[in-house]
Amino acid sequence: MTPRAARLLLGSFALAAAVDVLSLAVGFEPGHLIAKPLLMPLLAGYAAVRGGPRLLIAALLLGWAGDLALLSDADPAFLAGMASFAAGHVCYLVLFRRTARARGPWPPGAYAVVLAVLVVLVVLLWPGLPAGLRVPVTGYSLLLTAMACGATRLGPVAGLGGALFMLSDTLIATGVADWPQPPNPAFWIMLTYAAAQFLLVRGVLEPLGGSAASAAAYGGMRSTTP
């Protein structure tokens, strides 16, 4: 029953994501308003059925709270949404620290490059951001970057998820700062965001699934051994 439920939830998430991004592509706002709030609960349900850690479920549900807040264009709602996502990134950071594979961190030079890019981006964004958002956006950007760097320790799937999360939020930040945007930025924001969350979930669940499979295989070997 669990594999069937997992497939159903994952398929429902994929369908909701498709409806969301297609609605944004064609400018059908009701489709976006209906589909977006479904994304993270469905993905969290999938992760829960697959035996995902509580911190992963918490990060996804905090992302859901952020999604709901960002359906409004008001500054207080934007701050509330950013706070929810920031809390979700803290959950991811703790989770990555606990479940990272046995591999060393990036070389110090790699972290220095990422930090330098972040500083340059924040400095460039600063004048265009509303005064009340400058400090919160800077703090959030540091936390997001730390999460994305931490995700690389789980492997390339989670690492790509972290990178896409950064891209999605960078598009939001540049929009707030009135930078030139790609055509239909909301489409690209949601496409990269949905893909990011899915890849982070996959990156966390894959090593867990591998461990479970190994344990099951070992148990089976023991049961057949005299």
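Everything below is about the structure shown above.
The sections below set out a description of the structure shown in this document. Quantities reported herein were computed from a predicted structural model and do not represent experimental measurements.

**Details of the layout of surface pockets**
- When its volume is computed, the largest pocket comes out at roughly 600 Å³.
- Lining the largest pocket are 25 residues, and of these Lys-36, Leu-70, Asp-73, Ile-172 and Ile-189 sit closest to its centre.
- Elements that contribute at least two residues to the lining of the largest pocket include exactly α2 (29-49), α4 (75-99), α7 (156-176) and α8 (185-223).
- Of the residues forming the lining of the largest pocket, the biggest block, 6 residues, is contributed by α7.

**Structural notes on empty space enclosed by the protein**
- Overall, the coordinates contain 1 cavity of 30 Å³ or more when judged by the stated rule.
- In this structure, the largest cavity spans a volume of roughly 30 Å³.
- Contributing to the lining of the largest cavity are Ala-59, Gly-63, Phe-85, Gly-88, His-89, Tyr-92, Phe-165 and Gln-197.
- Looking at the lining of the largest cavity, the elements with two or more residues in it are α3 (54-69) and α4.
- At 4 residues, the largest contribution of residues to the lining of the largest cavity is made by α4.

Procedures and definitions
- Residues numbered from 1 in each chain as written.
- Predicted model: local features only at pLDDT ≥ 70, side-chain atom pairs only at ≥ 80, totals over all residues.
- Heavy atoms only, no water.
- 1 Å grid on protein atoms, 1.4 Å probe; cavity = no way out; pocket = protein on both sides within 12 Å on 5 of 7 lines; lining within 4 Å.
- Points joined across faces, edges and corners; volume = space filled by probe spheres on them.
- Helix = DSSP H or I, 4+ residues; strand = E, 2+ residues; numbered from the N terminus.

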